[in-house]
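# Tertiary structure, described
Below are the chains, spelled out letter by letter.
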Amino acid sequence: MRLSVVLFLVASSAGLAGSVFLKTLVFPDESDSSYVEMVPQKPLNLMAFTLCMRVATELPNMEREIILFAYRTQDFDELNVWQELDGRYSFYLSGDAVMFKAPKLGPTETHICVTWDSSSGAAAIFMDGRKSVTKMYRRGHRIRSGGKVIIGQDPDNYLGSFDAKQSFVGSISDVNMWDSVLSDSTIQDMNSGKRVPRGNVFDWESVELNVKGGAEVVNSDH
């Protein structure tokens, strides 16, 4: 197996995110060993969040689940984001999921954002800047720190027990995360390529990535 590659890429412009795509994660094939670990800027001890990314895949719809983001501690799936078998989107916070109907992923990039606020329980998903219905989910819950964030696999235990039929195949870029709920207008600006405040949990322009297996990082010269 290829040795882990550690990448630390810093953009020239500070404080803003959303229009400079320095790198893209590429997962060429189904695999039970290819993934990318993202190292956060701060512990994921969260009472609210906004998580955004750009995703493209040619995986056939309605044939299997697609994992988009996984944060797991030793004992729990603290935050997992999926496209489910029936095409709905979901995220799980240490228990049952909240589900959303939205357009399915395809071979051209889709900008996805997920938001959640513990104080109200309000949860929503944005697809290319368009907001879903707001749902109530896990009011008063706290996401716990001390785990690992990976892209490309769903760990059934702490960084292990991967299933190739749940792996991501395609490309993911522009992964940013904030410890607050961004305004609808800020998410819409980000979708359209405007510069917005950079993520304070994950900032795609400077995030450290540990690349495993057959995953690749493609750098652009933007």
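Residues numbered from 1 in each chain as written. Predicted model: local features only at pLDDT ≥ 70, side-chain atom pairs only at ≥ 80, totals over all residues. Heavy atoms only, no water.

Looking only at helices and strands, the protein features one helix and 18 strands. Burial analysis of the protein (222 residues in total) assigns 51% to the buried set. Of the contacts formed within the protein by residues at least 6 apart in sequence, a portion of 70% connects residues at least 24 apart. For the protein, the accessible surface area stands at approximately 9,600 Å², while carbon and sulfur atoms represent 50% of it. (Helix = DSSP H or I, 4+ residues; strand = E, 2+ residues; numbered from the N terminus. Buried < 20%, exposed > 50% of the residue type's maximum accessible area, 1.4 Å probe, protein only. Contact = heavy atoms within 4.5 Å. Areas by Shrake-Rupley, 256 points an atom, 1.4 Å probe, with all protein chains shown as cover.)

Another aspect to go through is the pattern of salt bridges. Summed over all chains, the structure comprises 13 salt bridges. The shortest N-O distance in the salt bridge between E30 and R64 comes to 3.0 Å. Separated by 34 residues along the polypeptide, E30 in the loop between β3 (23-27) and β4 (35-39) and R64 in the loop between β5 (48-56) and β6 (66-72) bring together distant segments of the chain. Residue class for E30 comes out partly exposed when judged on its relative accessible area of 34%. Two residues, E78 and R144, come together in a salt bridge whose shortest N-O distance is 2.8 Å. (Salt bridge = Lys/Arg side-chain N within 4 Å of Asp/Glu carboxyl O.)

On the secondary structure map, T115 appears in strand β10 (residues 110-117). Once residues within four sequence positions are removed from consideration, T115 is found in contact with F49, T50, F91, A122, A123, A124, F126, V181 and I187.

Inspection of the secondary structure puts N80 in strand β7 (residues 77-83). With residues near it in sequence (within four places) discarded, N80 still touches I67, F69, A70, Y71, S90, F91, Y92 and D154.

This paragraph deals with the packing of aromatic side chains. The way to describe two aromatic rings as a pair is by their centre distance and the angle between their planes. On inspection of all chains with the given rule, the structure shows six aromatic pairs. With a centroid separation of 5.9 Å and 75° between ring planes, the pair formed by F49 and F91 is classed as edge-to-face. Highlighted residues: F49 in strand β5 and F91 in strand β8 (residues 89-92), separated in sequence by 42 residues. Grouping residues by exposure puts F49 and F91 together as buried. (Phe/Tyr/Trp six-rings, centres within 6.5 Å; stacked < 30°, edge-to-face > 60°.)

This part takes up the confidence of the model for the protein. When pLDDT is averaged across the protein, the result is 89; 87% of the residues are at 70 or more. Every residue in residues 1-14 is under pLDDT 50, and counting partners more than four places away or in other chains gives 39 contacts. (pLDDT = per-residue confidence, 0-100.)

The next point concerns the pairing of β5. In terms of residue burial, β5 counts as a mostly covered element, since nine of its nine residues are buried. Residues of β5 alternate between two faces, with A48, T50, C52, R54 and A56 on one and F49, L51, M53 and V55 on the opposite face, all of them buried. Pairing of β5 with strand β15 (residues 170-178) involves six bridges; the strand directions are antiparallel. Pairing of T50 across the sheet is with W178, part of β15. (Pairing = 2+ DSSP bridges.)

Before going further, it helps to examine the state of the cysteines. This model, assessed by the stated rule, comprises one disulfide. Note that C52 is cross-linked by a disulfide to C113, the S-S spacing being 2.0 Å. Its S-S torsion of approximately 115° makes the covalent link between C52 and C113 right-handed. Of this pair, C52 sits in strand β5 while C113 sits in strand β10, and the two are 61 residues apart along the sequence. By the burial criterion, C52 is buried, and C113 matches it. (Disulfide = S-S within 2.5 Å.)

The next point concerns the environment of P40. Along the chain, P40 turns up in the loop between β4 and β5. Accessibility expressed as a relative area gives 32% for P40, which makes it partly exposed. Sequence separation between P40 and V149 is 109 residues; the distance between their C-alpha atoms is 8.0 Å. Contacts of P40, omitting those with residues within four sequence positions, involve V201 and F202.

Moving on, we get to the pairing of β3. Alternating residues of β3 divide into K23, L25 and F27, all buried, and T24 and V26, none buried. Pairing analysis gives four bridges linking β3 to strand β18 (residues 216-219), with the strands arranged antiparallel. From the neighbouring strand, V26 faces β18, where its bridge partner is E216. Of the strand pairs in this sheet, β3 and β15 are connected by four bridges, and their pairing is antiparallel. Looking at the pairing, F27 lines up with G170 of β15.

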